[in-house]
Amino acid sequence: MFSFFLDGDKVELTQYEVSQDLKFTAIIPDYKMSTKEARQALPKELTYADITFQISHSLALVQALGQGDFEKLATTLKDKMHQPYRTPLIKEYDEIEQIAKNHDSLIYLSGSGSTMMLISPNDEKRAKMVRVLIEKFAEFTVKSIEVEQNGIVAKVQNDK
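Residues numbered from 1 in each chain as written. Predicted model: local features only at pLDDT ≥ 70, side-chain atom pairs only at ≥ 80, totals over all residues. Heavy atoms only, no water.

**Considering the sheet that holds strand β5 (residues 116–120)**
Here we have 4 strands laid out as an open sheet, ordered β4-β5-β3-β6, and antiparallel in their pairing. Of all strands in the sheet, those with a lone pairing partner are β4 (106–109) and β6 (141–145), marking the two edges. Direction aside, the axes of adjacent strands within the sheet are offset by 25° on average. Pairing geometry for strand β3 (residues 23–28) and β5, over 5 bridges, is antiparallel. Its bridge partner lying in β5, I27 is registered against M116. Packed on one face of the sheet, helix α5 (residues 93–102) meets β3, β4 and β5 and runs near 150° to β4. (Pairing = 2+ DSSP bridges. Helix = DSSP H or I, 4+ residues; strand = E, 2+ residues; numbered from the N terminus. Axes fitted to C-alpha atoms, helices over the stretch in contact; angles between N-to-C directions. Contact = heavy atoms within 4.5 Å.)

**Regarding the packing of α5 against helix α6 (residues 123–136)**
Orientation of α5 relative to α6, taken along the N-to-C sense of each, is 150°, at an axis distance of 10 Å. Between α5 and α6, the angle falls in the class roughly antiparallel. Like other packed secondary-structure pairs, α5 and α6 cross with a definite hand, here right-handed. Where α5 abuts α6, its residues E95, I96, I99 and A100 lie against M129, V132, L133 and K136. For the contact of α5 with α6, the residue count by class is 6 nonpolar, no polar and 2 charged. (Parallel < 35°, antiparallel > 145°, perpendicular 65-115°, else oblique. Left-handed = near helix turned anticlockwise from the far one by under 90°. Nonpolar A, V, L, I, M, F, W, Y, C, P; charged D, E, K, R; others polar.)

**Remarks on the pattern of salt bridges**
With the rule as written, the count across this model stands at 9 salt bridges. Where D50 meets K80, a salt bridge forms, and the shortest distance between an N and an O atom there is 3.8 Å. Here D50 is found in helix α2 (residues 48–67), whereas its partner K80 is found in the loop between α3 (70–76) and α4 (83–86), with 30 residues between them in sequence. On the basis of relative accessible area, D50 is assigned to the buried category, the value being 17%. The closest approach of N and O atoms between E92 and K91, which form a salt bridge, is 3.8 Å. Residue K91 is classed as exposed on the basis of its relative accessible area of 69%. Salt bridges linked by common partners bring K23, D123, R126 and E146 together as one network. (Salt bridge = Lys/Arg side-chain N within 4 Å of Asp/Glu carboxyl O. Buried < 20%, exposed > 50% of the residue type's maximum accessible area, 1.4 Å probe, protein only.)

Spelled out as structure tokens, the structure:
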């Protein structure tokens with residue numbers, strides 16, 4: 001998996017491993033959330049305590065993803081910068097979050113939303129979650145996602 005950070009005008013990429021034990025699922029509502037609306041939901045300022053909380057959780061999140069530490073993931077996915085402000089824009093979020101908890105899975109917003117990402121500790125729990133989500137939210141798109149560890153790969157094939 002890749003993430004980036006800005007150093008002045010320069011964009012730096014960082015690659016890190018994500019445990020193959022973790023299973024990801026995208027939950028895509030049948031409606032879009034505008035970037036403008038998502039940005040307007042954010043507070044103008046954050047406290048030093050909230051920023052410190054977020055940075056420390058982000059650092060621990062990378063380690064938890066690499067180790068496949070599901071318990072630590074549950075803690076590190078807690079957010080004080082955007083999810084508390086943006087999840088109310090997704091009317092089904094609280095219900096889906098409760099379903100995830102009931103099936104030993106975790107949920108978070110993908111970017112600004114409205115897509116949500118589900119993390120399950122194994123294939124069996126992911127399969128159960130997918131069945132429940134498809135049954136309960138038939139109008140949504142639910143897709144199992146595999147983590148690409150090597151980034152984008154292009155292969156050239158000679159068809160002659």
